[in-house]
Amino acid sequence: MSDIPLGVLDLVPIPSGATAADALRNSVELAQRTEEFGYARYWFAEHHLNPGVAGTSPAVVLALTAAATSTIRLGSGAVQLGHRTALSTVEEFGLLDAVYPGRLDLGLGRSGGRPPGEKAAAPTATPVVDGRAPNGLVVPPRFSFAHLLRSPRFALHRRLLLLPNAESQDYAEQIDDILALLAGTYRTEDGVEAHIVPGEGAEVEVWILGSSGGESAQVAGERGLRFAANYHVSPATVLEAVDGYRAYFQPSDVLDKPYVSVSADVVVAEDDATARELATGYGPWVRSIRTAEGAIPFPTPEEARAHVWTDEDQELVQDRLDTQFVGSPQHVADRLEQLQEATGADELLITTITHDQADRVRSYELLAAEWRRR
């Protein structure tokens with residue numbers, strides 16, 4: 001499997017008892033170490049109003065990380081377009097590319113200030129029977145995010161991220177504007193040109209991130225762009241997402257065939273028992289996100305065990321617990337091979353959170369070594 005590259009997705013998590021500054025230093029160090037371990041990409045997510053996540057601005061964190069690394073590709077996973085313009089996005093990544101040319105991935109997502117109005121998804125070509133794909137990959141029941149969309153915190157996000165009375169641009173139209181600004185072909189309807197300096201001609205790889213086979217998969221496929229599907233966020237819809245993208249795909253100047261990355265939550269240690277101990281905080285952490293409280297600082301195993309679980313709590317997190325890959329290097333690599341086989345992924349994107357930085361770095365190190373042996 002060494003011909004399937006591994007990348008890193010980093011939320012810049014804040015461990016319990018630490019600060020945002022600690023989390024940023026941890027992320028820069030992790031990028032340096034995973035570069036040494038042979039990971040192909042290092043992406044930063046964008047999240048807001050979370051007490052336990054410091055990754056609020058991918059472009060800013062990318063600038064810090066690019067200065068501390070030299071070869072690993074760096075990118076956003078993803079810039080949330082719902083509260084920003086095509087121009088601001090191209091300008092930010094144009095600035096980065098001007099200093100670090102040819103190393104940047106511009107990952108784009110729909111979220112951020114715009115309530116999702118998902119188009120009908122393309123039907124999945126992969127059957128799921130009794131919660132499993134044909135090769136045995138766990139595909140849990142679909143999780144409903146309706147309660148999150150009704151939460152006052154969602155309204156607060158929208159209020160703070162958008163200017164008063166502002167409306168988000170149509171997503172597909174915004175992607176087209178970004179592509180045109182990068183290519184230097186942007187024209188208004190009455191023929192006025194826009195040329196972005198720096199930004200026009202930037203050597204960035206454009207990716208679309210999506211959790212379903214709906215609009216994001218369609219936009220990526222029809223424009224012949226790379227697509228990143230989220231098993232770690234929405235495991236129930238990962239097959240739908242990759243199948244939808246491939247069904248919509250049209251060759252472009254960038255790609256002649258579909259290209260897919262799939263993400264997974266992973267914790268690796270020398271043995272299964274140690275890995276399970278390191279992953280103890282994952283359940284309470286996911287619960288805090290799905291209750292709309294906002295991600296809490298990642299707890300220690302002792303703090304996590306103190307949480308009193310209700311049936312409602314367990315239902316909120318069960319799909320994520322069932323699809324987190326936790327164990328020895330051999331066990332986790334087997335699960336990743338299964339994910340790759342089921343989705344046909346060209347790359348895998350690994351997100352690992354533990355309370356202690358040394359354990360997190362070690363997890364990536366052990367996985368990389370095992371992956372190279374396969």
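Before reading on, note that the structure itself is shown above.
As a starting point, this report considers the structure included with it. (Residues numbered from 1 in each chain as written. Predicted model: local features only at pLDDT ≥ 70, side-chain atom pairs only at ≥ 80, totals over all residues. Heavy atoms only, no water.)

This part is about the overall build of the protein. Across its full length, the protein holds 14 helices and ten strands. For 374 residues, the compact-globule estimate of 2.2 N^0.38 gives 21 Å, and the protein sits close to it at 20 Å. Oriented by its inertia axes, the alpha-carbon framework of the protein measures out at about 65 × 45 × 40 Å. Across the 374 residues of the protein, 56% fall into the buried class. Long-range contacts, defined here as pairs at least 24 residues apart, represent 75% of the contacts in the protein between residues at least 6 apart. Taken as a whole, the protein presents about 15,800 Å² of accessible surface, with 53% of it coming from carbon and sulfur. (Helix = DSSP H or I, 4+ residues; strand = E, 2+ residues; numbered from the N terminus. Rg over C-alpha atoms; globule rule 2.2 N^0.38 Å. Buried < 20%, exposed > 50% of the residue type's maximum accessible area, 1.4 Å probe, protein only. Contact = heavy atoms within 4.5 Å. Areas by Shrake-Rupley, 256 points an atom, 1.4 Å probe, with all protein chains shown as cover.)

Glycine aside, a negative phi is what most residues show, and trans is what most peptide bonds show. Following G77, the chain continues to A78 via a peptide bond in cis, the omega torsion being 15 degrees. Inspection of the secondary structure puts A78 in the loop between β3 (73–76) and β4 (79–80). Note that the residue after V197, namely P198, is joined by a cis bond; omega there is -10 degrees. When you line up the elements, P198 lands in the loop between α6 (171–183) and β6 (205–210). One non-glycine residue with positive phi stands out, namely N165, at about 65 degrees. Looking at the secondary structure, you find N165 in the loop between α5 (152–161) and α6. For A292, which is not a glycine, the phi torsion comes out positive at approximately 75 degrees. With respect to the helices and strands, the residue A292 is situated in the loop between α10 (282–290) and α11 (301–305).

For the coordinates displayed, the defined rule picks out ten aromatic pairs. With a centroid separation of 5.9 Å and an interplanar angle of 75 degrees, the aromatic rings of Y245 and F249 are classed as edge-to-face. Overall, the relative accessible area of 0% leaves Y245 in the buried class. Members of the aromatic cluster, connected to one another through ring pairs, are W43, W207 and Y259. One cation-aromatic arrangement involves R290 over F143; the distance from NZ or CZ to the ring centre is 3.7 Å. (Phe/Tyr/Trp six-rings, centres within 6.5 Å; stacked < 30°, edge-to-face > 60°. Lys NZ or Arg CZ within 6 Å of the ring centre and 35° of its normal.)

Turning to empty space enclosed by the protein, a few remarks are in order. Within the structure shown, the criterion is met by one cavity of 30 Å³ or more. Counted as a void, the largest cavity has a volume near 50 Å³. Taken together, P13, P15, N26, T354, H355, D356, Q357 and R360 make up the full set of residues lining the largest cavity. Taken together, the residues of the lining of the largest cavity sort by class into two nonpolar, four polar and two charged. (1 Å grid on protein atoms, 1.4 Å probe; cavity = no way out; pocket = protein on both sides within 12 Å on 5 of 7 lines; lining within 4 Å. Points joined across faces, edges and corners; volume = space filled by probe spheres on them. Nonpolar A, V, L, I, M, F, W, Y, C, P; charged D, E, K, R; others polar.)

Tracing the backbone shows I350 in strand β10 (residues 347–351). Accessibility expressed as a relative area gives 0% for I350, which makes it buried. Sequence separation of I350 and L367 is 17 residues, and the distance between their C-alpha atoms is 9.8 Å. Not counting residues within four places of it along the chain, the set of residues in contact with I350 comprises L6, G7, V8, L9, A264, V266, L336, Y364 and L367.

With that settled, consider the environment of H307. One can find H307 in the loop between α11 and α12 (311–322). In this structure H307 comes out as partly exposed when scored by relative accessible area, which is 24%. Residues H307 and V128, 179 residues apart in the sequence, show an inter-C-alpha distance of 33 Å. Sequence-distant contacts of H307, defined by excluding residues within four places in its chain, comprise P284, R287 and D313. Within polar-contact distance, the side chain of H307 engages the side chain of D313 at 3.1 Å. (Polar contact = N/O pair within 3.5 Å; in protein donor to acceptor, adjacent residues only side chain to side chain.)

To continue, consider the pairing of β10. In terms of burial, β10 is a largely internal element, five of the five residues being buried. Of the two faces of β10, the one carrying E347, L349 and T351 and the one carrying L348 and I350 are both buried. Bridging between strand β1 (residues 6–10) and β10 involves three bridges; their strand directions are parallel. The partner of G7 across the bridge, within β10, is L349. Sheet analysis places strand β8 (residues 260–268) next to β10, joined by five bridges and oriented parallel. Within β10, the position partnered with V262 by the bridge is L348. (Pairing = 2+ DSSP bridges.)

With that settled, the discussion passes to the pairing of strand β5 (residues 104–109). Side chains on a regular strand alternate between the two faces of the sheet. Along β5, six of the six residues are buried, which leaves the element largely enclosed by surrounding structure. On β5, burial covers both faces: L104, L106 and L108 on one face and D105, G107 and G109 on the other are all buried. Sheet topology note: the β3/β5 ladder contains two bridges and is parallel. Paired with L74 across the bridge in β5 is L104.

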